[in-house]
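# Secondary and tertiary structure notes
Read off the chains here:
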Amino acid sequence: MNKDIVSGLVLLVIAGLYHRASGAIADSTLADEVGAAGLPRLLTIALVGLAGILIVRAMLAQKPVAIPVRTKEASGDEVEDDARLPRALGFLLLGAAYIALLPFIGYIAGVALLIGAVALYEGAPRRWTVPIAAIGGALLYWAIFVKLLGVNQPVGSIFHGLFS
Amino acid sequence: MTTFWSMFHLLTATPLIPVALIGLTWGILGGALPGISASITMALVLPFTYTMEPAMAIALLACVYIGAEYGGSIPAILIRTPGTNSAAATVIDGYELNRQGRAGEALGISLMSGVVGSLFGLVMLIMLTEPLSWGARAFKPTSYFGLGILGLSVIASMTGGSLVKGLAAAVIGLMIATVGTDPISGVTRFTFGVPDLLNGIEPVLVMVGLFALTELMSQSGSSNVLRLKSSIRIRLPSLAMMNKLKRSQFIGCILGTFEGLTPGGGGSIAAFMSYNEARRWSKTPEKFGKGSEEGVAAPETANNTVASAALIPLLSFGIPSSNSTAVLLGGLLMHGLLPGPRLFEQNPQVIDSLYLGSFIAIIAQIGIGIVILPACVWLVNRPRPYRAGFIFALILSGIYTLNNSLFDLSIALCLGIIGYLMRMAKFPFLPMILGVVLGHMVESSYRRSLVLSGGDHSIFLEDPIAVGFLLFAAGFVIFSLTRELRDARKPKIQEAHS
């Protein structure tokens, strides 16, 4: 299916979910003429309209049956982005794991694991340089952010008392 | 005299000088990394400015912007890969000079042209911003609504080829802006009982998620190996060479200012336009493309001029004309600063810090640009897997700094996924960011106006400023729509002829 048609359908789903959620906006005695739900209603209509235009335009563009020509643009970044989606999501999963572990293992161990895991995921050779870079990087960030800039980062329930 | 003493106070009683130097250094390093644009470099540092004093935070961001514009030319000249989009035109003659063994000279021309362009842009910024903002003193809620709509109409010129997709992205941005507590009645909207959402989704999360995380995800698994020669040293141009370059630098300054003021203009368009005009007006046009010094000077002057000139519409009216200025607007809003006349009246130290910090950064660029080159080369030469790990850790550390919240980290990751999907479907980012940033102002000023008029919409027609802005916005959208329709018809007409 044409990518614009898929995009249009996704926009319709978003508009539907948004509309449903906007039904939960409470009425207030302080409400003005437009009300707290006024703009959300308008945005839903706008998104449905735009999604409709996108779908119709994509369908009209599809009508004449022609030999598909792969443009330079389509064969470049676009195709690469499509093919890399699972890989990109895997990359983000490492971030999600970092968020999940942070309250337990704390900032230093968390950042060390994150740097090491990302480096390995991105193809760094499995050598001693990975843990060295990971631990060194974590200590460097801890020194800069926590010690130098005074930014609070989670200590971690496991290591509580050691770095607090 | 007051200005002199306030400047003196800023220099002696605040950390402005180190802030400017750190910002500049960070900007050059970030800009030198291929794939990390000026806006990403700024977005990476944005969360760390949260705890800073507003004046210093804004000065830091402006200095990062200045540094990134120069930093982008380093890999453009050395490895034919522009560090930032606006350095793309520098590749043409910069890399040719490098191939002729004149890389140091090309870097020197780029550095000095950048300084000339930035200084010119700064003078324009100082001269034009405050007078323009005077007009905004007469603003009422209706005027702010008109202004917000005008800001949103900028989207029409930044849709990357599809107005419908740009508008859809803007609507989604506006939807994100509605999350949190309603500005008029105080009821909660789209919070789903999550206390972290009561204050809404901060624009900085959207910017970091869309710009930085999406870029990191897109680069995941890429195998491009970049190697810079570590022996390269910058050679600053002689006075005779600077004299030879003055024509192309002048062209860069003028076109850079024009493009900086134009919504959707940006550094890349200014750089390519300046390159073309410099060739047209050059005494040696045949040298362009074969290693012309003017071919490096013109685009570098232009994109550095844009970095300062683009702040004019931002500070005067709050209209960001590029990704980088949108990040800067995010920084202003994050610190509770609203661009326009009130910023000049209520927070003059922010404006003074921005001007003075920028000036310090521009002058320091000559020294730091030379000293930092080996560090840039070292950084670019690090294996990409390690670089990705360090940047990812930096992004997550920065986001946590905002509110000490793991929830913010999750939001940013979600926005990273949204950004990646948008990129796949060719939806532009900037309209969405503008929607998030301007959404609150548009909604609250619209509703406040109606509260004042008792629900009568004719109040918008009674304010000539609002009418002017709305007409200008309508004209802008119609012009962009006409252009898009014309561009869409072009291939068909050409097809028919062939």
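### Observations concerning the overall build of chain B
Counting its regular elements, chain B contains 23 helices and two strands. Rg of the C-alpha trace for chain B: 22 Å, near the compact-globule value of 23 Å for 498 residues, within the 12% margin. Across its three principal directions, the C-alpha atoms of chain B cover 70 × 60 × 55 Å. Within chain B, the fraction of its 498 residues that count as buried is 63%.

### Details of unusual backbone geometry
All names here are of chain B. Positive phi outside glycine occurs at Phe190, with the angle close to 55°. Within the fold, Phe190 resides in the loop between strand S2 (188-189) and helix H10 (203-219). The buried category is assigned to Phe190, whose relative accessible area is 7%. The backbone phi angle of Lys426 is positive, close to 60°, even though this residue is not glycine. Within the fold, Lys426 resides in the loop between helix H20 (406-424) and helix H21 (430-453). Classification of Lys426 by relative accessible area gives partly exposed; the value is 35%.

### Concerning the interface of chain A and chain B
Residue-level contacts link 66 residues of chain A with 62 residues of chain B. When chain A packs against chain B, the two sides together hide about 5,400 Å² of surface, and 73% of this comes from carbon and sulfur. The tally of links from chain A across to chain B stands at two salt bridges. Residue B:Lys165 pairs with A:Asp4 through a salt bridge whose shortest N-O separation is 2.7 Å.

### Notes on the environment of B:Asn85
On the secondary structure map, B:Asn85 appears in the loop between helix H5 (73-79) and helix H6 (88-99). Considered as a pair, B:Asn85 and B:Asn304 are 219 residues apart in the sequence and their alpha carbons are 12 Å apart.

### Some words on the nonpolar core
Of all hydrophobic cores here, the largest spans 186 residues; its most connected members are A:Tyr98, B:Ile74, B:Leu107, B:Phe392 and B:Ile395. Discounting chain neighbours no more than four positions away, the residues touching B:Ile395 are B:Leu44, B:Val208, B:Ala212, B:Leu213 and B:Leu216. Counting six residues, the second largest nonpolar core, distinct from the first, contains B:Ile251, B:Leu255, B:Phe288 and B:Ala298.

### Examining the environment of B:Ile251
Residue and element names in this part refer to chain B. On the secondary structure map, Ile251 appears in helix H11 (residues 239-261). Since its relative accessible area comes to 10%, Ile251 is described here as buried. With near-sequence residues (within four places) excluded, Ile251 lies in contact with Ser274, Glu277, Ala278 and Trp281.

### Let's talk about the packing of H10(B) against helix H15 (residues 323-334) of chain B
Residue and element names in this part refer to chain B. Axis separation between H10 and H15 bottoms out at 9 Å; the angle between their running directions is 150°. Taken together, the axes of H10 and H15 lie roughly antiparallel to each other. By crossing handedness, the relation of H10 to H15 is classed as left-handed. For the pair H10 and H15, contact is made by Val204, Met207 and Phe211 and by Asn323, Ala326, Val327, Gly330 and Met334, respectively. Looking at the contact of H10 with H15, its residues break down into six nonpolar, two polar and no charged.

### Brief notes about the side chain of B:Asn98
Residues and elements named next belong to chain B. With respect to the element layout, Asn98 can be found in helix H6. The exposure class of Asn98 is buried, given its relative accessible area of 12%. Apart from the residues lying within four places of it in its own chain, the contact partners of Asn98 are Ile77, Leu78 and Ala103.

### Some words on the packing of aromatic side chains
One pair of aromatic rings is described through two measures. These are the centre distance and the angle between the planes. In total, this model carries eight aromatic pairs over all chains according to the counting rule given. With a centroid separation of 5.9 Å and 75° between ring planes, the pair formed by A:Tyr141 and B:Phe390 is classed as edge-to-face. One end of the pair, A:Tyr141, is in helix H5 (residues 129-148); the other, B:Phe390, is in helix H19 (residues 384-403), on a second chain. By relative accessible area, A:Tyr141 is classed as buried at 8%. Taking relative accessible area as the criterion, B:Phe390 reaches 23% and is therefore assigned partly exposed.

### Overview of a nonpolar patch on the surface
Residues and elements named next belong to chain B. Residues Val123, Met127, Leu128, Leu132 and Leu261 make up a contiguous nonpolar surface patch of about 390 Å² in total accessible area. Counting residues per element, the nonpolar patch draws most heavily on helix H7 (residues 103-134), at four residues. Looking at the element boundaries, Met127 is found in helix H7.

### A look at the pattern of salt bridges
Residues and elements named next belong to chain B. Taken as a whole and judged by the stated rule, the model has 14 salt bridges over all chains. A salt bridge links Glu293 to Arg102; the shortest N-O distance between them is 2.5 Å. Taken together, the residues Glu293 in helix H13 (residues 293-309) and Arg102 in the loop between H6 and H7 connect sequence positions 191 residues apart. Take Arg102: its relative accessible area is 23%, and that puts it in the partly exposed class. A salt bridge links Asp182 to Arg189; the shortest N-O distance between them is 3.6 Å. Looking at Asp182, the relative accessible area reads 2%, which means it is buried.

### So, the confidence of the model for chain A
Residues and elements named next belong to chain A. Across chain A, the average pLDDT comes to 83, with 84% of residues at 70 or higher. Element-level mean pLDDT values for chain A span from 54 in helix H3 (residues 72-83) up to 93 in helix H1 (residues 3-22). With pLDDT under 50 throughout, residues 66-76 is counted as low confidence; its partners more than four residues away or in other chains account for five contacts.

### A short note on H15(B)
Residue and element names in this part refer to chain B. Given a rise of 1.5 Å per residue, twelve residues ought to cover 16 Å, and the 16 Å separating the end C-alpha atoms of H15 matches this to within 8%. Burial runs high along H15: ten of the twelve residues are buried. Within H15, the full set of buried residues consists of Ser324, Thr325, Ala326, Val327, Leu328, Leu329, Gly330, Gly331, Leu332 and Met334.

### Brief notes about the packing of H5(A) against H19(B)
Taken N-terminus to C-terminus, the directions of H5(A) and H19(B) make an angle of 30°; their axes are 11 Å apart at the nearest point. With respect to H19(B), the axis of H5(A) lies roughly parallel. Classified by chirality, the crossing of H19(B) by H5(A) is right-handed. Together, A:Thr129, A:Val130, A:Ala133, A:Gly137, A:Tyr141 and A:Phe145 of H5(A) and B:Tyr386, B:Phe390, B:Ile391, B:Ala393, B:Leu394 and B:Ser397 of H19(B) make up the contact between the two elements. Of the residues in the contact of H5(A) with H19(B), the class split is nine nonpolar, three polar and no charged.

### Considering the side chain of B:Glu294
All names here are of chain B. Mapped onto the elements of the fold, Glu294 is located in helix H13. Within the buried set, Glu294 has no salt-bridge partner at all; the shortest N-O distance to an opposite charge, 5.0 Å, is to Arg247. Here Glu294 is in contact with Lys244, Leu245, Ser248, Ser282, Thr284, Phe288 and Pro299, once residues within four sequence places are set aside.

What counts, and at which threshold
Residues numbered from 1 in each chain as written. Chains lettered and ligands numbered in written order. Predicted model: local features only at pLDDT ≥ 70, side-chain atom pairs only at ≥ 80, totals over all residues. Heavy atoms only, no water. Helix = DSSP H or I, 4+ residues; strand = E, 2+ residues; numbered from the N terminus. Rg over C-alpha atoms; globule rule 2.2 N^0.38 Å. Buried < 20%, exposed > 50% of the residue type's maximum accessible area, 1.4 Å probe, protein only. Contact = heavy atoms within 4.5 Å. Buried area = accessible area lost by both parts, 1.4 Å probe. Salt bridge = Lys/Arg side-chain N within 4 Å of Asp/Glu carboxyl O. Core = buried A, V, L, I, M, F, W, Y, C linked by side-chain atoms within 4.5 Å. Axes fitted to C-alpha atoms, helices over the stretch in contact; angles between N-to-C directions. Parallel < 35°, antiparallel > 145°, perpendicular 65-115°, else oblique. Left-handed = near helix turned anticlockwise from the far one by under 90°. Nonpolar A, V, L, I, M, F, W, Y, C, P; charged D, E, K, R; others polar. Phe/Tyr/Trp six-rings, centres within 6.5 Å; stacked < 30°, edge-to-face > 60°. Patch = residues over 30% accessible without salt bridge, like charges linked within 9 Å, V, L, I, M, F, W, Y side chains within 5 Å. Areas by Shrake-Rupley, 256 points an atom, 1.4 Å probe, with all protein chains shown as cover. pLDDT = per-residue confidence, 0-100. Expected span 1.5 Å × (residues − 1). Lys, Arg positive; Asp, Glu negative; His and termini not counted.

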